[in-house]
Amino acid sequence: MTQTAAARRPIGRTTLYFFGALGGILFGYDLGVISGVLPFIGKLWGLSGWDKGVITASISIGAIVGASFSSRLNERLGRRRTIMVAAVVVIIGTLAATFSPTFTLLIISRLVIGVGIGLSSSTVPTYLSELAPARLRGAMGALNQIFIVLGILIAFLVSYGLGTSGNWRLMFAGAIVPAVILLAGLVLLPETPRWLVANGHEERARAVLLSSHGGGVNVDEEIGTIREVIRLDSESAKTRFRDLLTPTVRPMLVVALLLAMGQQFSGVNAVNAYFPTMLIGLGFATQAALLSGVLLGLTKFLFTAWVVFVVDRWGRKPLLLIGNVLMVLTLVAAGFIVLEVHDTATKGILMLVAMVLYLVGYELGWGAVVWVMMAEVFPLKVRAAGMGVSSVVLWAATGIISAVFPIISDPGALGLGGSMFLFAGINVVLFFLTKWLVPETKGRTLEEIELDLRGRTHSKARA
C-alpha cells in the first residue's frame with residue numbers, strides 16, 4: 001500500500017524543499033523592494049522621515065495580523081494550504097500596490113501584502129522542519145533563509161535595472177512572479193506527515209515520509225514516534241495559547257522570543273530597507289546607491305548558501321555567537337566611518353565594506369539559524385501556536401525598527417553614526433543572552449527534542 005501510494009505520487013525531495021521554501025522569496029522580495037522604491041516615491045510625494053518609516057513598516061504591521069491567524073489556519077487547513085492562501089493574498093496586495101494612485105492606498109496595499117507574508121513566514125519553516133529528516137533539517141531550514149535573501153537580491157536587481165526609468169510600480173509588480181510559481185507548485189505538493197497523522201491520514205503520511213526522507217527511512221518507527229507524541233498531547237486539554245506558558249514549554253518560548261526579537265533588533269532591516277537611502281544621504285547618486293544595494297544582496301545570498309553546508313555540522317548556537325561578534329565589530333566601524341571620514345567617495349566605499357561584513361555576520365547566524373530554531377524548539381502540540389506567537393513578535397520588532405530608524409538616524413537625533421553604535425550595543429546584549437539561554441538542537445528529531453524536554457521537566461518536578 002505504501003509503495004503504491006508513493007509510486008502514484010513520485011515527488012522527490014528536491015521538489016518538496018524547493019517549492020516549500022519558495023515562500024521565502026515572497027518574504028525577501030517584499031522586504032527588499034522598498035529600498036529601491038523609497039528614493040522615487042520620496043520625491044514624488046515629498047515624504048518625510050516619518051512617512052518613509054510608515055510605508056516601510058506597513059508590511060510588518062500586516063504581517064503581524066497574518067501571523068496572528070497562522071496558528072488556526074495551520075491546524076484547520078494544514079501547512080500546505082495555509083501557504084497557498086498566503087500566496088493568493090500576496091498576489092492581491094501586489095496588484096493593488098502596483099496601481100495605487102496615492103500614498104495612503106499604497107500603505108493599505110502594503111498592509112495586505114504583509115498579511116500574506118505573515119502567514120507564509122510563520123508556516124514555511126514549520127512545513128520544512130516537518131518534512132525534513134533530522135540530519136538535514138538545519139540545512140532545509142536554512143534553505144528557507146536562502147530563498148529570503150534571494151528574494152531580497154532579486155528586489156535589489158530589479159530596482160537597479162529600473163532605476164534609470166524610475167518605474168517604481170513595476171518594481172512592486174515583480175512580487176507576482178514568485179507568488180504565482182509558489183501557488184502552482186503547492187497544488188502538487190503533499191501535506192506534512194505530522195499533520196496528516198494527527199488528522200487521521202496515516203497512509204498518506206507514510207507516502208510523504210518515503211518521498212521526503214528517501215528509501216532508507218524506517219517508516220514504521222517514524223510513524224510510531226509521531227503517534228506517541230500525539231497520544232501524549234491528547235491526554236491534555238485542547239491547545240490554547242496559554243499552554244505556551246506551562247513549565248514544560250515556557251523555557252522554549254523564551255528562547256523563541258529572544259531569537260525573534262534579536263534577529264530584528266540586531267539592525268538588519270535598517271540595512272535591508274534603507275541602505276540606498278543612507279548612501280544618497282551621504283552624497284551618492286541614486287544609481288550608485290542602488291548598485292551598492294545589489295552588492296549587499298549578493299553578499300547575503302552567497303553567505304546564506306554557505307551556511308547550509310555548515311549549520312548541521314557547526315551547530316546553531318556557535319553560528320549565532322560568531323555572527324554577533326562580527327556584527328558588533330562592523331557596526332562600531334560603521335559608526336566611526338560616518339562620524340570621522342569626511343570625503344564622500346571614501347566614506348561611501350568604507351560604509352559599503354562595513355555593511356557587507358556586517359551582513360556576513362548576520363547571515364552566518366541570525367539570518368538562517370533563527371527560523372530553523374524557532375520551528376525546532378516547540379513541542380508538536382503547540383508548534384503552530386508557538387510559531388505564530390514568535391512570528392508576531394518578530395514582525396512587531398521588524399515594524400518598530402522600520403518605523404523608528406529614519407527618525408533616530410536623522411541628524412537632529414542620534415544621526416546615522418549614533419544609530420550604528422546603538423545597534424552595536426544591542427548585539428553585545430544579544431551575545432550574552434544567547435550564550436546563557438539558547439540550547440543546541442542540531443542532529444535531533446523534533447520528537448526527540450520534545451520527549452527530552454518532557455523528561456527533563458518531569459525530573460525537575462520529582463526532585
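Note that the coordinates shown come from a computational prediction; the quantities given were computed from them, not determined experimentally.

1. Observations concerning the overall build of the protein chain
Working step 1: Helix and strand content of the protein chain: 21 helices and 0 strands.
Working step 2: Residues classed as buried in the protein chain amount to 59% of the 463 residues present.
Working step 3: Nonlocal contacts in the protein chain, meaning residues at least 24 apart in sequence, comprise 84% of its contacts between residues at least 6 apart.
Working step 4: For the protein chain, the accessible area works out to roughly 17300 Å², and carbon and sulfur atoms hold 69% of it.

2. As for the confidence of the model for the protein chain
Working step 1: Across the protein chain, the average pLDDT comes to 83, with 86% of residues at or above 70.
Working step 2: When mean pLDDT is compared element by element in the protein chain, helix 8 (residues 168-173) scores highest at 95, while helix 1 (residues 2-8) scores lowest at 38.
Working step 3: Long-range and interchain partners of residues 1-10, a stretch whose pLDDT sits below 50, account for 13 contacts in this model, where long-range means more than four residues apart.
Working step 4: Below a pLDDT of 50 lies the segment residues 457-463, which in the model reaches 2 contacts outside its immediate sequence neighbourhood of four places, other chains included.

3. Structural notes on helix 14 (residues 268-281)
Working step 1: Taking 1.5 Å of rise per residue, the 14 residues of helix 14 would be expected to cover 20 Å, and the 19 Å separating its terminal C-alpha atoms lies within 8% of that figure.
Working step 2: Considering bend angle alone, the principal kink of helix 14 is centred on Tyr274 and spans about 70 degrees; proline Pro276 follows within four residues of it.
Working step 3: Of all 14 residues in helix 14, 11 are buried; the element is thus mostly enclosed.
Working step 4: Listing the buried residues of helix 14 in full gives Val268, Asn269, Ala270, Val271, Asn272, Ala273, Tyr274, Phe275, Pro276, Met278 and Leu279.
Working step 5: Count one or two residues on from helix 14 and you reach Gly283, which has phi positive near 110 degrees.

4. Digging into the side chain of Ser100
Working step 1: Residue position: Ser100 is located in the loop between helix 5 (79-98) and helix 6 (103-131).
Working step 2: For Ser100, a relative accessible area of 3% puts it in the buried group.
Working step 3: Polar side-chain contacts of Ser100 include one of 2.6 Å to the backbone oxygen of Ala96.
Working step 4: Beyond its immediate chain neighbours, meaning those up to four positions away, Ser100 contacts Leu105, Leu106, Ser109, Trp168 and Arg169.

5. Some remarks on the packing of helix 17 (residues 316-340) against helix 20 (residues 415-437)
Packed helices, taken two at a time, are described by the angle between their axes plus the distance between the axes.
Working step 1: Axis separation between helix 17 and helix 20 bottoms out at 8 Å; the angle between their running directions is 160 degrees. Considering their axes alone, helix 17 and helix 20 lie roughly antiparallel with respect to each other. Where helix 17 crosses over helix 20, the handedness of that crossing is left-handed.
Working step 2: Grouping the amino acids of the contact of helix 17 with helix 20 by side-chain chemistry returns 19 nonpolar, 5 polar and 2 charged.

6. Looking at the pattern of salt bridges
Working step 1: Summed over the entire model, instances satisfying the criterion amount to 6 salt bridges.
Working step 2: The closest approach of N and O atoms between Arg206 and Glu202, which form a salt bridge, is 3.5 Å. Note that Arg206 and Glu202 are positioned in helix 11 (residues 202-213) at a spacing of 4 residues, about one turn of the helix.
Working step 3: On the basis of relative accessibility, which here comes to 12%, the residue Arg206 falls in the buried class.
Working step 4: Of the charged contacts, one joins Arg227 and Glu202 as a salt bridge, the two residues approaching to 2.9 Å between their closest N and O atoms. A residue pair is termed long-range when its members are at least 10 positions apart, and Arg227 in helix 12 (residues 219-234) and Glu202 in helix 11 qualify at 25 residues.
Working step 5: Using a relative accessible area of 26% as the deciding quantity, one classes Glu202 as partly exposed.
Working step 6: Because the salt bridges share partners, they merge into one network encompassing Glu202, Glu203, Arg206, Asp220 and Arg227.

How each quantity is defined
- Residues numbered from 1 in each chain as written.
- Predicted model: local features only at pLDDT ≥ 70, side-chain atom pairs only at ≥ 80, totals over all residues.
- Heavy atoms only, no water.
- Helix = DSSP H or I, 4+ residues; strand = E, 2+ residues; numbered from the N terminus.
- Buried < 20%, exposed > 50% of the residue type's maximum accessible area, 1.4 Å probe, protein only.
- Contact = heavy atoms within 4.5 Å.
- Areas by Shrake-Rupley, 256 points an atom, 1.4 Å probe, with all protein chains shown as cover.
- pLDDT = per-residue confidence, 0-100.
- Expected span 1.5 Å × (residues − 1).
- Bend = angle between axes of the 7 residues up to and from the residue.
- Polar contact = N/O pair within 3.5 Å; in protein donor to acceptor, adjacent residues only side chain to side chain.
- Axes fitted to C-alpha atoms, helices over the stretch in contact; angles between N-to-C directions.
- Parallel < 35°, antiparallel > 145°, perpendicular 65-115°, else oblique.
- Left-handed = near helix turned anticlockwise from the far one by under 90°.
- Nonpolar A, V, L, I, M, F, W, Y, C, P; charged D, E, K, R; others polar.
- Salt bridge = Lys/Arg side-chain N within 4 Å of Asp/Glu carboxyl O.

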